[in-house]
Amino acid sequence: SLYLSPIASILITSFCFMIVHDVTAPLNLLTTDWRIGMGLFSLGVMLNVIFVATGKLYAGMAAHAGLVSVKVVLRRLPFLSFLDLRQSTIVHCLFLLVALAILLWHKDKFATYSKP
């Protein structure tokens with residue numbers, strides 16, 4: 001059987017998360033806009049880091065639900081309707097910074113990996 005390091009697993013599953021989340025055409029199963037793709041990839045990295053750090057799937061699911069809820073609220077505010085946060089470089093960097101902070105906080109879980 002194949003065992004991957006947590007970092008390799010995070011990168012592979014984040015890539016898969018990016019590919020299957022084409023919000024402009026959900027039936028395409030391919031993200032075509034690179035800016036949205038980068039946002040989805042960085043979100044995937046953050047959610048996967050949360051999962052590896054906590055060992056709980058529901059922690060990543062709760063973070064995803066929270067972000068979707070915030071997005072829904074922000075899209076309803078008329079003075080923010082011109083922003084598309086999915087394509088914002090600031091948001092992408094924020095996701096990666098949060099992932100890096102979690103990674104550094106729980107570096108012992110990412111540094112060593114033993115086969116089950």
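These numbers were taken from a predicted model, which means no experiment stands behind them.

Q: Looking at this structure, how should I read the nonpolar core?
A: Note on soluble globular proteins: their nonpolar side chains tend to be buried together. Counting residues in each nonpolar core, the largest one holds 17 residues, and the members touching the most others are Leu43, Met46 and Val49. Of all elements in the fold, only helix H1 (6-19), helix H2 (34-54) and helix H4 (89-105) reach the threshold of two or more residues within this core. No other element matches the nine residues that H2 contributes to this core. In this view, Met46 contacts Leu67, Phe95, Val98 and Ala99; residues no more than four positions away in its chain are not counted.

Q: When you look at the side chain of Asn48 in this model, what are you seeing that I'm missing?
A: For Asn48, the location among the structural elements is in helix H2. Relative accessible area serves as the criterion here: at 17%, Asn48 is assigned to the buried category. Look past the residues within four positions of Asn48 in its chain and what remains in contact with it is Ile10, Thr13 and Ser14.

Q: I keep staring at the environment of Ile7 and nothing clicks. Help me out?
A: Mapping Ile7 onto the fold places it in helix H1. We classify Ile7 as partly exposed; its relative accessible area is 38%. Separated by 38 residues in the primary sequence, Ile7 and Val45 place their C-alpha atoms 9.4 Å from one another.

Quick notes on the rules
Residues numbered from 1 in each chain as written. Predicted model: local features only at pLDDT ≥ 70, side-chain atom pairs only at ≥ 80, totals over all residues. Heavy atoms only, no water. Core = buried A, V, L, I, M, F, W, Y, C linked by side-chain atoms within 4.5 Å. Buried < 20%, exposed > 50% of the residue type's maximum accessible area, 1.4 Å probe, protein only. Helix = DSSP H or I, 4+ residues; strand = E, 2+ residues; numbered from the N terminus. Contact = heavy atoms within 4.5 Å.

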